[in-house]
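Breakdown of the fold
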Amino acid sequence: MREVAVRDAGTGGTSEITGGAGLSEAVAGAVPATAPGNAPGDAPGGASGRAVGLHRVLEPAGVLPQAAVRLDADPVIGPDEVRIAVERLNLDAASYRQLRTAHGGDGEAVRAEVLRIVGERGKMHNPVTGSGGMLVGTVAEVGPESPLGLKPGDRVATLVSLTLTPLAITDGLARWDGMSEQVPAEGHAILFARSIAAVLPDDLPVPLALAVMDVCGAPALTHRVVAGRPVPPRVAVLGAAGKSGSLALAAARRAGAAETVGLVPSQEEERRLVASGLADRVVRADARDPVAVAEALGAPADVTVVCVDVPGCEHGAVLGTAAGGTVVFFSMATSFPAAALGAEGLAADVTMLIGNGFVPGHAEMALDLLRSEPGVRALFEGRL
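Summary of the structure given here. (Residues numbered from 1 in each chain as written. Predicted model: local features only at pLDDT ≥ 70, side-chain atom pairs only at ≥ 80, totals over all residues. Heavy atoms only, no water.)

**Section: a nonpolar patch on the surface**
Applicable threshold: Each patch groups residues whose relative accessible area exceeds 30% and which form no salt bridge, using 9 Å between like charges and 5 Å between nonpolar side chains of Val, Leu, Ile, Met, Phe, Trp and Tyr. Per-residue and other accessible areas were derived by the Shrake-Rupley procedure at a 1.4 Å probe size, with only the shown protein chains allowed to occlude residues. When a carboxyl oxygen of Asp or Glu lies within 4 Å of a side-chain nitrogen of Lys or Arg, that pair is called a salt bridge. Strands here are runs of E lasting at least two residues and helices are runs of H or I lasting at least four, both read from the DSSP assignment and numbered beginning at the N terminus. Note on classification: 1.4 Å probe, protein chains only; a residue is buried when its accessible area is under 20% of the maximum for its type, exposed when over 50%, partly exposed between these limits.
A surface patch of nonpolar side chains, amounting to about 230 Å² of accessible area, comprises Val291, Leu319 and Leu346. In this fold, leucine 346 is placed in the loop between α10 (336-345) and β15 (351-354). Take leucine 346: its relative accessible area is 40%, and that puts it in the partly exposed class.

**Quick notes on the packing of helix α6 (residues 243-254) against helix α12 (residues 374-383)**
Convention followed: Axes here mean lines fitted to C-alpha atoms, for a helix over just the part in contact, with angles spanning 0 to 180 degrees between N-to-C directions. For classification purposes, angles smaller than 35 degrees are called roughly parallel, those larger than 145 roughly antiparallel, those between 65 and 115 roughly perpendicular, and all remaining angles oblique. Whether two residues touch is decided by their heavy atoms; if any such pair falls within 4.5 Å, the residues are in contact. Charged means Asp, Glu, Lys or Arg here, nonpolar means Ala, Val, Leu, Ile, Met, Phe, Trp, Tyr, Cys or Pro, and polar covers whatever is left, Gly included.
Contact geometry of α6 with α12 gives a least axis separation of 10 Å together with a crossing angle of 180 degrees. Considering their axes alone, α6 and α12 lie roughly antiparallel with respect to each other. For the pair formed by α6 and α12, the contact residues are Lys243, Ser246, Leu247 and Ala250 on the first element and Val376, Leu379, Phe380 and Arg383 on the second. For the contact of α6 with α12, a count of residues per class yields 5 nonpolar, 1 polar and 2 charged.

**Digging into the nonpolar core**
Heads up, the condition is: Buried Ala, Val, Leu, Ile, Met, Phe, Trp, Tyr and Cys residues that are joined via side-chain atoms within 4.5 Å together make up what is termed a nonpolar core.
Among the nonpolar cores identified, the biggest contains 54 residues, and Met213, Val235, Val237, Leu247, Leu273, Val305 and Phe380 are the most heavily contacted of them. Of all the elements in the fold, those that place two or more residues in this core are β5 (133-142), α4 (206-214), α5 (217-227), β10 (234-238), α6, β13 (301-306), α11 (362-372) and α12. Among residues more than four places away in sequence, those in contact with leucine 273 are Ala240, Ala241, Leu249, Gly262, Val264, Leu278, Val282 and Leu379. Membership of the second largest hydrophobic core comes to 27 residues, among which are Leu297, Ala317, Val318 and Ala348.

**Focus on unusual backbone geometry**
Of the consecutive residues glutamate 59 and proline 60, the connecting peptide bond is found in the cis state with omega at -5 degrees. Turning to its location among the elements, proline 60 is positioned in the loop between β2 (57-59) and β3 (70-71). Even without a glycine there, the phi angle at leucine 173 is positive, about 55 degrees. Tracing the chain through its elements places leucine 173 in the loop between β7 (167-169) and β8 (182-191). The exposure class assigned to leucine 173 is buried, which follows from its relative accessible area of 0%. The backbone of alanine 347 sits at a positive phi, close to 50 degrees, despite the residue not being glycine. Looking at where alanine 347 falls in the secondary structure, it is placed in the loop between α10 and β15. Residue classification places alanine 347 among the exposed residues on the basis of a relative accessible area of 69%.

**Focus: the side chain of arginine 50**
Applicable threshold: Polar contact is the term for a pair of N or O atoms within 3.5 Å; when the atoms are in protein, one must be able to donate a hydrogen and the other to accept it, and sequence-neighboring residues count only if both atoms are side-chain atoms.
In this fold, arginine 50 is placed in helix α1 (residues 46-51). Take arginine 50: its relative accessible area is 14%, and that puts it in the buried class. A polar contact of 3.5 Å, which involves the side chain of arginine 50, links it to the side chain of aspartate 80.

Here is the structure:
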């Protein structure tokens, strides 16, 4: 399993990686462990350990649920937990692409692989990409000490990664053909006291709301970074026609960007992004080709946001960013050692942020952008 962490940056230079552990998919620090068979209420570390799900970790010792190999998905909840009746999973783009590529586009094989992962691990945690996704469902039961403010019958989207969410599937994914990121499913999931969930809005179809909430951290952090620059920045978004990319473009413009540039890989994505009106300029290049990216962007960007779901885009993002600029990585396909070492090798004085899936108010901002920006909604509906 590829850990989402920098083990040997070795830079000693001016580049840095900051901003949390990454997309809510990150490897957590070591803590006292639980042993198999612990009851849901018996958490190592007392109430604080239970709040972060230590009692659900079956193996290995000393990790939080995201880094665990196996979780306990027992439907019996503890006093501060919530049980969700699962309706739909949303696999993150990097994980789904890897699964589909590994199985040659065979939907039945992809479905079998997802069932195997969930069955073995008690969560949806792709061992190759290290990522998972999120889900939609209905609150079935709420523990009396839960601080999440949910009640039975609420339809919610979980805003924490499936890599740390205890999950059991009971229908064999019989309604899913393995050919899309969104997965109709029946089963249950468990939320902890420090989990995050949002009640689904009444004015949006569930698949659309789920797609937006899956990437809602991207526009919120993009807005924060752009608004925090002393001079309105030139912003480039790689993978700009995708879900997180289109929201990042809209957020950058709302935050006062001097110019927005959207980079896409194909003529069709270029056509769709131009039609959306979200970018001041649309350019086409393979984000894995550093020189092609830099040439397509022209003048380096002050802020570069990476929303590409394939590996190998780190160096292009660094090369296309001006000295003193910022690169925000919002892809679980990112190799963070490659980013750090590549920046050192290019003598690039850039700050690199690992996009965290949680920013206060992130769901509300993303939904507002969907409602208020016709170009964003058109791109999302086109994908669905």
